[in-house]
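Descriptive analysis of the structure
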Amino acid sequence: MEDDDLAQLDLSSSKLKAAGVEDPAAGEDKKNRNTEARQSILNQILEPEAAERLGRIRLVKESRAADVENRLIMLARSGQLRSKVTEEQLKELLSAVAEKKEEEKIVVSRRKGGWDDDDDDDLLGF
């Protein structure tokens with residue numbers, strides 16, 4: 001009886017995969033493996049002081065830490081890192097990421113002396 005149940009479960013999971021539906025546990029497992037791989041790479045390329053600083057940055061602003069991690073991993077994979085990243089080098093990278101973020105800001109300027117209720121009456125012909 002148990003073999004039949006297992007076979008039925010295997011069959012239903014293969015049907016879900018064929019239909020393009022992913023098992024939520026499999027997605028979470030894939031996410032965990034990805035996180036572990038990223039952490040492993042970062043442990044190899046960061047000195048302990050730099051890793052601590054990046055951890056503190058993650059506590060304050062996770063998006064900035066993710067940007068820095070992505071850039072570090074990209075540099076490591078392309079072979080541009082010759083030694084472990086020091087805390088000073090991490091600070092330089094942080095300032096470069098911060099400058100890039102400042103360039104991406106959108107500035108909205110408001111018109112002075114905008115519309116008031118009387119202007120609506122002029123448009124409607126009252």
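Residues numbered from 1 in each chain as written. Predicted model: local features only at pLDDT ≥ 70, side-chain atom pairs only at ≥ 80, totals over all residues. Heavy atoms only, no water.

Concerning the packing of helix α3 (residues 48–60) against helix α4 (residues 62–77)
To keep things clear, this is the line we draw: Only the contacting stretch of a helix is used when fitting its axis, a line to C-alpha atoms as for every element, and angles between N-to-C directions run 0 to 180 degrees. Per the convention used, a helix needs a DSSP run of H or I reaching at least four residues, while a strand needs a run of E reaching at least two, with both numbered from the N terminus. The scheme is simple: roughly parallel for angles under 35 degrees, roughly antiparallel for over 145, roughly perpendicular for 65 to 115, oblique for anything else. Contacts between residues were defined by any pair of non-hydrogen atoms, one from each residue, lying within 4.5 Å. Gly counts as polar in this scheme, as do all residues outside two lists: the nonpolar Ala, Val, Leu, Ile, Met, Phe, Trp, Tyr, Cys and Pro, and the charged Asp, Glu, Lys and Arg.
Look at α3 against α4: their axes get within 6 Å of each other, and the N-to-C directions meet at 140°. Classified by the interaxial angle, the pair formed by α3 and α4 is oblique. Contact residues: Leu54, Ile57, Arg58 and Val60 in α3; Glu62, Arg64, Ala65, Val68 and Glu69 in α4. Grouping the constituent residues of the contact of α3 with α4 by class yields five nonpolar, no polar and four charged.

Things to note about the confidence of the model for the protein chain
The following threshold applies: A residue's pLDDT is simply how confident the predictor is in it, with values from 0 to 100.
For the protein chain, the average pLDDT comes to 77, and 65% of its residues sit at 70 or higher. Least confident of the elements in the protein chain is helix α1 (residues 2–18), whose mean pLDDT is 48; most confident is α3, at 94.

Digging into the nonpolar core
Note the cut-off: In these notes, a set of buried Ala, Val, Leu, Ile, Met, Phe, Trp, Tyr and Cys residues joined through side-chain atoms within 4.5 Å is what counts as a nonpolar core. A 1.4 Å probe rolled over the protein chains alone gives each residue an accessible area, and that area as a share of the maximum for its type sets the label: buried under 20%, exposed over 50%, partly exposed in between.
With 15 residues, the main nonpolar core has Leu42, Leu46, Leu54, Val68, Leu72 and Leu90 as its most contacted residues. Taken together, the elements giving at least two residues each to this core come down to α2 (24–45), α3, α4 and α5 (87–103). Not counting residues up to four positions away in its chain, the partners in contact with Leu42 are Glu69, Leu72 and Ile73.

A word on the pattern of salt bridges
Put simply, the rule is: The working definition used for a salt bridge is a side-chain nitrogen of Lys or Arg within 4 Å of a carboxyl oxygen of Asp or Glu.
Across all of its chains, the model carries five salt bridges by this definition. With its nearest N and O atoms 3.0 Å apart, the salt bridge here joins Glu69 to Arg38. Here the residue Glu69 occupies a position in helix α4, and Arg38 occupies one in helix α2, the gap between them amounting to 31 residues. Taking relative accessible area as the criterion, Glu69 reaches 7% and is therefore assigned buried. The salt bridge involving Lys91 is made with Glu88; its shortest N-O contact spans 3.3 Å. Taken together, the positions of Lys91 and Glu88, both in helix α5 and three residues apart, correspond to about one turn of that helix. Classification of Lys91 by relative accessible area gives partly exposed; the value is 33%. With a relative accessible area of 49%, Glu88 lands in the partly exposed category. The network of salt bridges with shared partners includes Arg38, Arg58 and Glu69.

Some remarks on the layout of surface pockets
Think of a ball as big as a water molecule: rolled over the atoms, this probe shows where empty space is left. So the rule is basically this: Definitions used throughout: a 1 Å grid over protein atoms alone; a cavity as a set of points that fits a 1.4 Å probe which cannot get out; a pocket as an open set with protein on both sides within 12 Å along at least five of seven lines; a lining residue as one with an atom within 4 Å of a point. Grid points are joined across faces, edges and corners, and a volume is the space filled by probe spheres set on the points.
Approximately 200 Å³ is the volume attributed to the largest pocket. If you trace the largest pocket, you find it lined by Lys31, Asn34, Thr35, Arg38, Gln39, Arg58, Glu62, Ala66 and Glu69. Among the secondary structure elements, those contributing two or more residues to the lining of the largest pocket are α2 and α4. Here the residues of the lining of the largest pocket are counted per class, giving one nonpolar, three polar and five charged.

Quick word on the environment of Thr86
With respect to the helices and strands, Thr86 occurs in the loop between α4 and α5. Between the alpha carbons of Thr86 and Ala51 there is a distance of 8.9 Å; along the sequence they are 35 residues apart. Sequence-distant contacts of Thr86, defined by excluding residues within four places in its chain, comprise Glu47 and Ala50.

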